[in-house]
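What follows is the residue order along each chain.
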Amino acid sequence: MSKRATSVKPPTPASKTTAKTYRIAVIPGDGTGPEVIREGRKVLDAAAAEEDFRLAWHPYDLGGERYVKTKETLPDSVLKELRQVDAIYLGAIGHPDVAPGILERGILLRLRFELDQYINLRPVTLYPGVWTPLRDKKPEDIDFIVVRENTEGLYAGAGGFSHKGTPEEVAVQSSINTRHGVERCVRFAFELTRERNRRKKLTFCGKTNVLTFAHDLWQRVFDEVGKDYPDVHTEYTHVDACCMWMVKNPEWFDVIVTDNMFGDIITDLGAMIQGGMGIAAGGNINPKGVSMFEPIGGSAPKYTGQNAINPLAAICAGRMMLEHLGQRRAAQRIEQAVKQTTRQLKSLAAGKMGYSTSEVGDVVVKHVQASA
């Protein structure tokens with residue numbers, strides 16, 4: 001069986017025996033991951049108490065520390081248990097004593113593929129009081145979502161070497177795009193655009209003039225699925241143009257759908273225009289299975305134990321998790337609380353917020369409890 005952490009106790013049961021309980025696997029991870037997850041849990045428990053449901057936390061010690069001690073990344077027994085929870089709440093994976101790629105492939109990518117988390121969902125939202133490098137842009141100008149295909153493309157790992165280590169070496173990496181995989185991602189994006197009901201505009205970001213096979217499939221599926229959503233306006237943009245417009249006119253976008261690699265790139269650009277990694281959150285979504293929610297920034301080991309890291313990205317990831325679980329009122333409480341909190345911070349940067357990590361969590365909790 002999996003090795004469980006023992007230092008974290010589940011919250012006190014709700015007073016009403018009829019209160020809904022969700023089983024949440026929590027992976028605090030490495031570096032500052034446990035610190036931001038601690039604050040996220042504090043906020044989520046406060047929102048749950050206000051809305052009369054309960055989060056039963058099930059901690060797992062997956063990450064660099066476990067790998068250094070045991071050479072294990074994600075044991076099969078743990079994966080079996082993770083298939084049974086309602087959602088996964090992840091801190092950050094990354095350890096200075098573990099070579100790059102081992103934890104990412106062994107934990108993050110394996111969870112995405114094994115749990116079929118085929119959507120990576122990344123909101124790009126500029127909160128009040130947050131500095132953006134885009135001159136004259138305000139919160140109403142930066143408010144869109146990127147739907148990234150999460151289990152295919154170049155990241156599927158198809159390829160190999162020939163004559164490795166010689167002057168004749170050849171490296172091939174193939175982008176795998178199936179109609180099934182593309183269609184379910186595109187349809188998710190259309191549904192989200194309709195539900196979001198903001199501008200009802202869905203943009204396909206690709207490179208059809210160069211990727212004439214893979215993105216021909218994407219374009220045809222996008223056009224065909226679009227016929228089922230006549231109320232949604234559609235448009236296409238090359239990925240390079242998309243990057244330019246995200247900087248120049250981010251207000252043009254509502255929902256963007258794209259493949260795995262391009263999604264990886266443009267969402268990091270999105271994080272920067274919304275104020276940085278300290279506020280960027282994401283979800284790895286299986287609409288009919290177990291989904292995983294995480295802050296986008298890394299483990300930031302140089303800040304470990306200083307109580308200085310910004311926990312808002314982890315808190316926003318928790319908000320996404322509650323919304324995914326159907327607890328929209330609680331999610332809205334947290335969203336409004338974060339907006340009030342960002343107005344109080346001097347900066348989103350670690351050590352420059354004007355508050356410690358735990359104090360930021362306390363401020364968000366206060367606003368959650370005060371909201372109607």
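Residues numbered from 1 in each chain as written. Predicted model: local features only at pLDDT ≥ 70, side-chain atom pairs only at ≥ 80, totals over all residues. Heavy atoms only, no water.

1. Looking at the overall build of the protein chain
Moving on, step 1. Of the regular secondary structure elements, the protein chain holds 11 helices and 12 strands.
Moving on, step 2. Seen through its C-alpha atoms, the protein chain measures out along the principal axes to roughly 55 × 50 × 40 Å.
Moving on, step 3. The buried share of the protein chain, reckoned over its 372 residues, is 53%.
Moving on, step 4. Partitioning the intrachain contacts of the protein chain with sequence separation of at least 6 by distance along the chain shows that 78% fall at a separation of at least 24.
Moving on, step 5. When the accessible area of the protein chain is evaluated, it comes to approximately 16,900 Å², of which 52% is carbon and sulfur surface.
Moving on, step 6. Averaging the positions of the 48 positive and the 45 negative side-chain charges in the protein chain gives two centres separated by 4 Å. (Helix = DSSP H or I, 4+ residues; strand = E, 2+ residues; numbered from the N terminus. Buried < 20%, exposed > 50% of the residue type's maximum accessible area, 1.4 Å probe, protein only. Contact = heavy atoms within 4.5 Å. Areas by Shrake-Rupley, 256 points an atom, 1.4 Å probe, with all protein chains shown as cover. Lys, Arg positive; Asp, Glu negative; His and termini not counted. Charge placed at Lys NZ, Arg CZ, Asp CG, Glu CD.)

2. Some thoughts on the state of the cysteines
Moving on, step 1. Enumeration over the complete set of coordinates arrives at 0 disulfides.
Moving on, step 2. Just so you know, Cys185 is unpaired, no disulfide at all, and the nearest cysteine sulfur is the one on Cys205, 12 Å from it.
Moving on, step 3. When its relative accessible area of 0% is taken as the criterion, Cys185 is described as buried. (Disulfide = S-S within 2.5 Å.)

3. Some points on the sheet that holds strand β4 (residues 119-125)
Moving on, step 1. If you walk across this open sheet you meet the 10 strands as β2-β1-β3-β12-β11-β4-β5-β10-β8-β9, and the pairing is mixed. Sheet topology places β2 (53-59) and β9 (233-238) at the edges, where each strand pairs with a single neighbour. Pairwise comparison of adjacent strand axes, ignoring direction, gives a mean angle of 25 degrees for this sheet.
Moving on, step 2. Across the face of the sheet, helix α1 (residues 33-51) comes into contact with β1 (20-29), β2 and β3 (87-92) while running at roughly 155 degrees to β2.
Moving on, step 3. Packed on one face of the sheet, helix α5 (residues 179-196) meets β4, β5 (143-149), β8 (201-206), β9, β10 (255-258) and β11 (281-285) and runs near 165 degrees to β5. (Pairing = 2+ DSSP bridges. Axes fitted to C-alpha atoms, helices over the stretch in contact; angles between N-to-C directions.)

4. A few points about the packing of aromatic side chains
Moving on, step 1. Under the defined criterion, the tally for this structure stands at 9 aromatic pairs.
Moving on, step 2. With centroids separated by 5.5 Å and ring planes inclined at 35 degrees, the aromatic side chains of Phe190 and Phe222 adopt a geometry described as tilted. Here Phe190, found in helix α5, pairs with Phe222, found in helix α6 (residues 214-226); they are 32 residues apart in sequence, far enough to count as distant. Just as Phe190 is buried, Phe222 falls in that class too.
Moving on, step 3. In this structure an aromatic cluster arises from ring pairing among Phe190, Phe204, Trp218, Phe222, Tyr229 and Tyr236.
Moving on, step 4. Taking NZ or CZ as reference, Lys164 lies 4.2 Å from the ring centre of Phe161, over its face.
Moving on, step 5. Sitting above the plane of the Tyr118 ring, Arg184 keeps its charged end 3.8 Å from the centroid. (Phe/Tyr/Trp six-rings, centres within 6.5 Å; stacked < 30°, edge-to-face > 60°. Lys NZ or Arg CZ within 6 Å of the ring centre and 35° of its normal.)

5. A few points about the pattern of salt bridges
Moving on, step 1. Scanning all chains against the criterion turns up 33 salt bridges.
Moving on, step 2. In this structure, Glu114 engages Arg83 in a salt bridge whose closest nitrogen and oxygen atoms are separated by 3.1 Å. Here Glu114, found in helix α4 (residues 102-114), pairs with Arg83, found in the loop between α3 (76-82) and β3; they are 31 residues apart in sequence, far enough to count as distant.
Moving on, step 3. Note on Glu114: relative accessible area 35%, which makes it partly exposed.
Moving on, step 4. A salt bridge links Asp216 to Arg220; its shortest N-O distance comes to 2.7 Å. Taken as a pair, Asp216 and Arg220 lie in helix α6 at a separation of 4 residues, close to a single helical turn.
Moving on, step 5. Assessed through its relative accessible area of 39%, Arg220 is described here as partly exposed.
Moving on, step 6. Overlapping salt bridges bring together Arg179, Glu183, Arg187, Glu224 and Asp228 as one network. (Salt bridge = Lys/Arg side-chain N within 4 Å of Asp/Glu carboxyl O.)

6. Considering the layout of surface pockets
Moving on, step 1. Considered as a void within the structure, the largest pocket measures approximately 1,000 Å³ in volume.
Moving on, step 2. In terms of lining, the largest pocket is formed by 36 residues, of which the most central are Ile145, Leu192, Arg196, Arg319 and Glu323.
Moving on, step 3. Of all the elements in the fold, those that place two or more residues in the lining of the largest pocket are β4, β5, α5, β11, α9 (312-324) and α10 (328-342).
Moving on, step 4. No other element matches the 6 residues that α10 contributes to the lining of the largest pocket.
Moving on, step 5. Grouping the constituent residues of the lining of the largest pocket by class yields 20 nonpolar, 5 polar and 11 charged.
Moving on, step 6. If you add up the space inside the second largest pocket, you get close to 590 Å³.
Moving on, step 7. Mapped by element, the contributors of at least two residues to the lining of the second largest pocket are β3, α4, β4, β6 (153-162), α8 (260-273) and β12 (291-295).
Moving on, step 8. Per-element accounting of the lining of the second largest pocket gives the leading share, 6 residues, to α4.
Moving on, step 9. Its residues assigned to classes, the lining of the second largest pocket shows 11 nonpolar, 7 polar and 8 charged. (1 Å grid on protein atoms, 1.4 Å probe; cavity = no way out; pocket = protein on both sides within 12 Å on 5 of 7 lines; lining within 4 Å. Points joined across faces, edges and corners; volume = space filled by probe spheres on them. Nonpolar A, V, L, I, M, F, W, Y, C, P; charged D, E, K, R; others polar.)

7. Points about the packing of α1 against α9
Moving on, step 1. At a minimum axis separation of 8 Å, α1 and α9 run at an interaxial angle of 40 degrees. With respect to α9, the element α1 is oriented oblique. Crossing handedness for the pair α1 and α9: right-handed. Note on element contacts: α9 touches α1 through Ala314, Ile315, Gly318, Arg319, Met321 and Leu322, opposite Val36, Glu39, Gly40, Val43, Leu44 and Ala47.
Moving on, step 2. Tallied by class, the residues present in the contact of α1 with α9 amount to 8 nonpolar, 2 polar and 2 charged. (Parallel < 35°, antiparallel > 145°, perpendicular 65-115°, else oblique. Left-handed = near helix turned anticlockwise from the far one by under 90°.)

8. Some words on the confidence of the model for the protein chain
Moving on, step 1. Of the residues in the protein chain, 95% reach a pLDDT of 70 or more, and the chain-wide mean stands at 94.
Moving on, step 2. Within the model, the stretch residues 1-16 combines pLDDT values under 50 with 27 contacts to residues more than four positions away or in other chains. (pLDDT = per-residue confidence, 0-100.)

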